[in-house]
Amino acid sequence: KAGVTQTPRYLIKTRGQQVTLSCSPISGHRSVSWYQQTPGQGLQFLFEYFSETQRNKGNFPGRFSGRQFSNSRSEMNVSTLELGDSALYLCASSRVGVTEAFFGQGTRLTVV
Amino acid sequence: EDQVTQSPEALRLQEGESSSLNCSYTVSGLRGLFWYRQDPGKGPEFLFTLYSAGEEKEKERLKATLTKKESFLHITAPKPEDSATYLCAVNSNDYKLSFGAGTTVTVRA
């Protein structure tokens, strides 16, 4: 059974640019969550989607946005990148709620 | 706001030296407590979910327990391959996991 797939694995962007990250959940999983992981802040919740609806959003600026498609695949977008956005972005999927959420390998974003 | 505190921050063990990691939490209504293992540069790997006080789960050399205020992850006779960061997270009623900062375990042969 395939796990959660995140693409790309690595990205280098320049300040002011925007970026889109992709997440394909485990087959049959309809809930997708996104997290940002940094050495200083640890794992911070960004947002959660279920059936194309955002059910919860973390304390991040409006530059961070996401969406979910009818096949449960999800994307997140960060506009006007700042140096502080450099982080490991993790996607997790679960069947319905966030019980037993399984994570992908993450996308390492570096902003220069 | 859910709060999760893990201790210690780092733990250095000799191979075979058993120990425990602590996760204390404050939530409005616990729907689940989760343990993950994370290796450097990789995503967290799911280990256990605990739902109610008194519950215990085991997997190989790991055993997780839950009380009303904290959870423990016991590592019995650890091996070098158990070296990793262990993360604790809680879920209350708002469709998200709140994570602790993690405990980095190093097991020396």
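Residues numbered from 1 in each chain as written. Chains lettered and ligands numbered in written order. Predicted model: local features only at pLDDT ≥ 70, side-chain atom pairs only at ≥ 80, totals over all residues. Heavy atoms only, no water.

1. Points about the overall build of chain A
The line we're drawing: Per the convention used, a helix needs a DSSP run of H or I reaching at least four residues, while a strand needs a run of E reaching at least two, with both numbered from the N terminus. In this setup the radius of gyration rests on C-alpha atoms only. A globule is expected at 2.2 Å times the number of residues raised to 0.38. For every residue, the accessible area (1.4 Å probe, protein chains only) is compared with the maximum for its type, and the residue is labelled buried under 20%, exposed over 50%, or partly exposed between those bounds. Note on contacts: a residue pair qualifies if any of its non-hydrogen atoms lie within 4.5 Å across the two residues. Only the protein chains shown count as cover for residues, with accessible areas throughout obtained via the Shrake-Rupley method and a probe of 1.4 Å. Charge convention: Lys and Arg are scored as positive, Asp and Glu as negative, and His as well as the terminal groups of each chain are ignored. In plain terms, the charge of a residue is placed at NZ if it is Lys, CZ if Arg, CG if Asp and CD if Glu.
What chain A contains, in helices and strands, is zero helices and eleven strands. Tracing chain A from N to C terminus, the helices and strands come up as β-β-β-β-β-β-β-β-β-β-β. A globule of 112 residues ought to have a C-alpha radius of gyration of about 13 Å, and chain A, at 13 Å, matches this closely. Its C-alpha atoms put chain A at 35 × 25 × 25 Å along the principal axes. With 112 residues in all, chain A has 50% of them scored as buried. Put simply, of all contacts in chain A between residues at least 6 apart along the chain, 55% involve residues at least 24 apart. As displayed, chain A offers around 5,300 Å² of accessible surface, 48% of which is attributable to carbon and sulfur atoms. Within chain A, the 6 negative side-chain charges are centred at a point lying 4 Å from the centre of the 12 positive side-chain charges.

2. Quick look at the interface of chain A and chain B
The line we're drawing: Take the accessible area each of two parts loses on contact, using a 1.4 Å probe, and add the two losses: that sum is the buried area. Salt bridges are defined as contacts in which a side-chain nitrogen from Lys or Arg sits within 4 Å of a carboxyl oxygen from Asp or Glu. Side-chain atoms alone can form a polar contact between residues adjacent in sequence; in general such a contact is a pair of N or O atoms within 3.5 Å, and within protein one must be able to donate a hydrogen while the other accepts it. Throughout this entry, Asp, Glu, Lys and Arg are counted as charged residues, while Ala, Val, Leu, Ile, Met, Phe, Trp, Tyr, Cys and Pro are counted as nonpolar. The remaining residues, Gly among them, count as polar.
In this complex, chain A contributes 18 residues to the contact, which on the side of chain B involves 17 residues. The junction of chain A with chain B conceals about 1,600 Å² of combined surface from both sides, 60% of it contributed by carbon and sulfur atoms. Linking chain A with chain B are zero salt bridges, by the criterion used here. Taken together, chain A and chain B are joined by four residue pairs in polar contact (both at pLDDT 80 or more). For the side of chain A that touches chain B, the secondary structure elements donating two or more residues are strand 4 (31-38), strand 5 (42-50), strand 6 (53-57), strand 9 (87-94) and strand 10 (102-103) of chain A. By residue number, the principal contributor to the side of chain A that touches chain B is strand 5 of chain A, which donates three residues. Residue composition of the side of chain A that touches chain B, grouped by class: nine nonpolar, five polar and four charged.

3. A few points about the state of the cysteines
Residues and elements named next belong to chain B. As a reminder of what qualifies: The disulfide criterion used throughout: a pair of cysteine sulfur atoms within 2.5 Å.
In the structure shown here, the tally under the stated rule is two disulfides over all chains. Two residues share a disulfide in this structure: C23 and C88, whose sulfurs sit 1.9 Å from each other. Its S-S torsion of about -60° marks the bond between C23 and C88 as left-handed, since a negative value means left-handed. Taken as a pair, C23 in strand 3 (residues 19-26) and C88 in strand 9 (residues 84-91) lie far apart in primary sequence, 65 residues in all. The burial state of C23 is the same as that of C88; both residues are buried.

4. Observations concerning the environment of B:Q14
All names here are of chain B. Mapping Q14 onto the fold places it in strand 2 (residues 10-14). Given a relative accessible area of 34%, Q14 falls into the partly exposed group. Those residues within four positions of Q14 in sequence are excluded, and the remaining contacts are P78, V107, R108 and A109. Reaching out from Q14, the side chain makes a polar contact with the backbone oxygen of A109 at a distance of 3.3 Å.

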